[in-house]
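What follows is the residue order along each chain.
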Amino acid sequence: QVQLVESGGGLVQAGGSLTLSCTVSGRTFSSYAMGWFRQASGKEREFVAAIKWNSASTDYADPVKGRFTISRDNAKNTVYLQMNSLKPEDTAVYYCAAAGNGRVSTRTGEYDYWGQGTQATVSS
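The rules we used
- Residues numbered from 1 in each chain as written.
- Predicted model: local features only at pLDDT ≥ 70, side-chain atom pairs only at ≥ 80, totals over all residues.
- Heavy atoms only, no water.
- Core = buried A, V, L, I, M, F, W, Y, C linked by side-chain atoms within 4.5 Å.
- Buried < 20%, exposed > 50% of the residue type's maximum accessible area, 1.4 Å probe, protein only.
- Helix = DSSP H or I, 4+ residues; strand = E, 2+ residues; numbered from the N terminus.
- Pairing = 2+ DSSP bridges.
- Axes fitted to C-alpha atoms, helices over the stretch in contact; angles between N-to-C directions.
- Salt bridge = Lys/Arg side-chain N within 4 Å of Asp/Glu carboxyl O.
- Polar contact = N/O pair within 3.5 Å; in protein donor to acceptor, adjacent residues only side chain to side chain.
- Contact = heavy atoms within 4.5 Å.

Caption draft 1: Seen up close, the nonpolar core. Formed by 36 residues in total, the largest nonpolar core has its most connected members in Met 34, Trp 36, Leu 81, Met 83 and Tyr 94. It is strand β9 (residues 92–99) that provides the largest number of residues to this core, a total of six residues.

Caption draft 2: Structural view of the sheet that holds strand β1 (residues 4–7). An order of β1-β3-β8-β7 is seen for the four strands of this open sheet, with the pairing classed as antiparallel. With partners counted over all chains shown, the strands left at the sheet margins are β1 and β7 (68–73), one partner each. Between one strand and the next, the sheet's axes are offset by a mean angle of 15°, whatever the strand orientation.

Caption draft 3: The pattern of salt bridges, seen in detail. The final tally for this structure, using the stated rule, is four salt bridges. Residues Asp 90 and Arg 38 are paired through a salt bridge, measuring 2.9 Å at the closest nitrogen-oxygen approach. Residue Asp 90 is located in the loop between β8 (78–83) and β9, and its partner Arg 38 is located in strand β4 (residues 33–39); the two are separated by 52 residues in the primary sequence. You'll find Asp 90 and Arg 38 in the same group, each marked buried. Since its relative accessible area comes to 1%, Asp 90 is described here as buried. Through salt bridges with shared partners, a single ionic network connects Arg 38, Glu 46, Arg 67 and Asp 90.

Caption draft 4: Layout of the side chain of Thr 78. By the element assignment, Thr 78 lies in strand β8. At 3.3 Å, the side chain of Thr 78 forms a polar contact with the side chain of Thr 23. Among the polar contacts made by the side chain of Thr 78, one reaches the main-chain carbonyl oxygen of Lys 76 at a distance of 2.8 Å. Among all residues touching Thr 78, those that are not within four sequence positions of it are Ser 21, Cys 22, Thr 23, Phe 29, Arg 72 and Asp 73.

No statement about biological role is implied by the geometric values presented.
Laid out in structure tokens, this is it:
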């Protein structure tokens, strides 16, 4: 059973920073591509960032390019999302997800496992 647990959400003022973490149980973490998605109240879940199993490639949604950075530590079974220059429109529940095929994808259907989410709120 693969379980994903996010942490690091909270309340921050516009312009501030947050670092989200997602720890994955199971011995095959290093073979998964990992993604971050977010869902604002009343909106559909959307892609934020993703990283290949070996960190060789990453992808970002246009609204977060240059502000967010995804990284992973396979020794710690953890993926991170560093969020800088936060804006009120970044307010959402952030979910991490794992793709067993190891490939970066922006599509929710490509991911096999999901965490429960962590709330990030940016005040103006």
